[in-house]
Amino acid sequence: MNYKKIPEYFIRYILVFLILGVIFLDPISVQAKDAETLQDLKNELADLKQQKKENEQKEQYTQSEISKKRAEIEQANRDIANAKNEIEIAKAEIEEYNEKIEELNKQTEELMIFYQIMNGNNSYMEFITDSSSLTEMIMRSDAIKELSNYNQENLVELEELITKNEDLQVELIEKQVDLKEQIAALEVK
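Reading the values: the criteria
- Residues numbered from 1 in each chain as written.
- Predicted model: local features only at pLDDT ≥ 70, side-chain atom pairs only at ≥ 80, totals over all residues.
- Heavy atoms only, no water.
- Helix = DSSP H or I, 4+ residues; strand = E, 2+ residues; numbered from the N terminus.
- Buried < 20%, exposed > 50% of the residue type's maximum accessible area, 1.4 Å probe, protein only.
- Contact = heavy atoms within 4.5 Å.
- Core = buried A, V, L, I, M, F, W, Y, C linked by side-chain atoms within 4.5 Å.
- Patch = residues over 30% accessible without salt bridge, like charges linked within 9 Å, V, L, I, M, F, W, Y side chains within 5 Å.
- Areas by Shrake-Rupley, 256 points an atom, 1.4 Å probe, with all protein chains shown as cover.
- Salt bridge = Lys/Arg side-chain N within 4 Å of Asp/Glu carboxyl O.
- Lys, Arg positive; Asp, Glu negative; His and termini not counted.
- Charge placed at Lys NZ, Arg CZ, Asp CG, Glu CD.

K.L.:
Quick one: what's the story with the overall build of the protein chain, residue by residue and with numbers?
P.N.:
Within the protein chain, the secondary structure is distributed over four helices and zero strands. Helices and strands in the protein chain line up, N terminus first, as α-α-α-α. Residues classed as buried in the protein chain amount to 14% of the 189 residues present. In the protein chain, of all internal contacts separated by at least 6 residues, the share reaching a separation of at least 24 is 79%.

Below is the structure:
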């Protein structure tokens, strides 16, 4: 045996064993269940793209819903502001009508006092009969009719103002209830 060739044989055998070890050991480490084909990867990519598309659609829908709700809230705020404005106007009108009613009540009371004084003494008859001429008597009679008509008109106007005032107060209460409902709806939104 040649001693020079021994290391050469030894190296050859080691190389053969290493090559055989790599060939046999590498397939063992690969597991069949983890292996993915190109088609599997394409299917997975298509699924991920579909999920992405669905998520984008959901996001768009959510954004549109948010925009709609914001628009509804803004409209509700405008409606509330308008209702508050209408309530203030109604309150001012009620106050104005109250003042007119009070003024007409005073005038009516004064006319009633005058009427009672005239009726108590039969002053109308004296007023008419004290006239010195027929023309003066007609003028005095017309003056009494005018006073009666004026008093009657004041009473009718007073009744109308009282009715309007009561209607406005009812309307004001309804607006306040409506405003409270709008505020509650806005809080819910």
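K.L.:
Give a description of the nonpolar core that names residues and reports values.
P.N.:
Leu161, Leu172 and Leu179 are the most contacted members of the largest nonpolar core, which has 15 residues in total. Counting residues per element, the ones that place at least two in this core are helix 2 (38-120) and helix 4 (134-188). Among the elements that line this core, the one with the most residues is helix 2, at nine residues. Those residues in contact with Leu172 that sit more than four places away from it in its chain are Ile87, Ala90, Lys91 and Ile94.

K.L.:
How would you explain a negative patch on the surface if you had to name every residue and give the values?
P.N.:
The grouping of Glu103, Asp142, Glu146, Glu153, Glu157, Glu159 and Glu160 at the surface amounts to a negative patch. When residues in the negative patch are grouped by element, the largest group, six residues, is from helix 4. For Glu103, a relative accessible area of 47% puts it in the partly exposed group.

K.L.:
Quick one: what's the story with a nonpolar patch on the surface, residue by residue and with numbers?
P.N.:
A cluster of nonpolar residues, Phe10, Ile11, Ile14, Leu15 and Leu18, forms a patch on the protein surface that exposes about 500 Å² of accessible area. Mapped onto the elements of the fold, Leu15 is located in helix 1 (residues 5-29). Judged by relative accessible area, which is 47%, Leu15 ranks as partly exposed.

K.L.:
Which residues make up the pattern of salt bridges, and what values go with them?
P.N.:
Taken as a whole, this structure holds two salt bridges when the rule is applied. Note that Lys68 and Glu65 form a salt bridge whose closest N and O atoms lie 3.5 Å from each other. With a gap of three residues between them, Lys68 and Glu65 both fall in helix 2, about one helical turn apart. Judged by its relative accessible area of 47%, Lys68 falls in the partly exposed class.

K.L.:
Report on the side chain of Asn165, specifying residues and quantitative values.
P.N.:
Residue placement: Asn165 occurs in helix 4. Residue classification places Asn165 among the buried positions, given a relative accessible area of 6%. Ignoring any residue separated from it by four or fewer positions in sequence, one finds Asn165 in contact with Ile94, Tyr97, Asn98 and Ile101.

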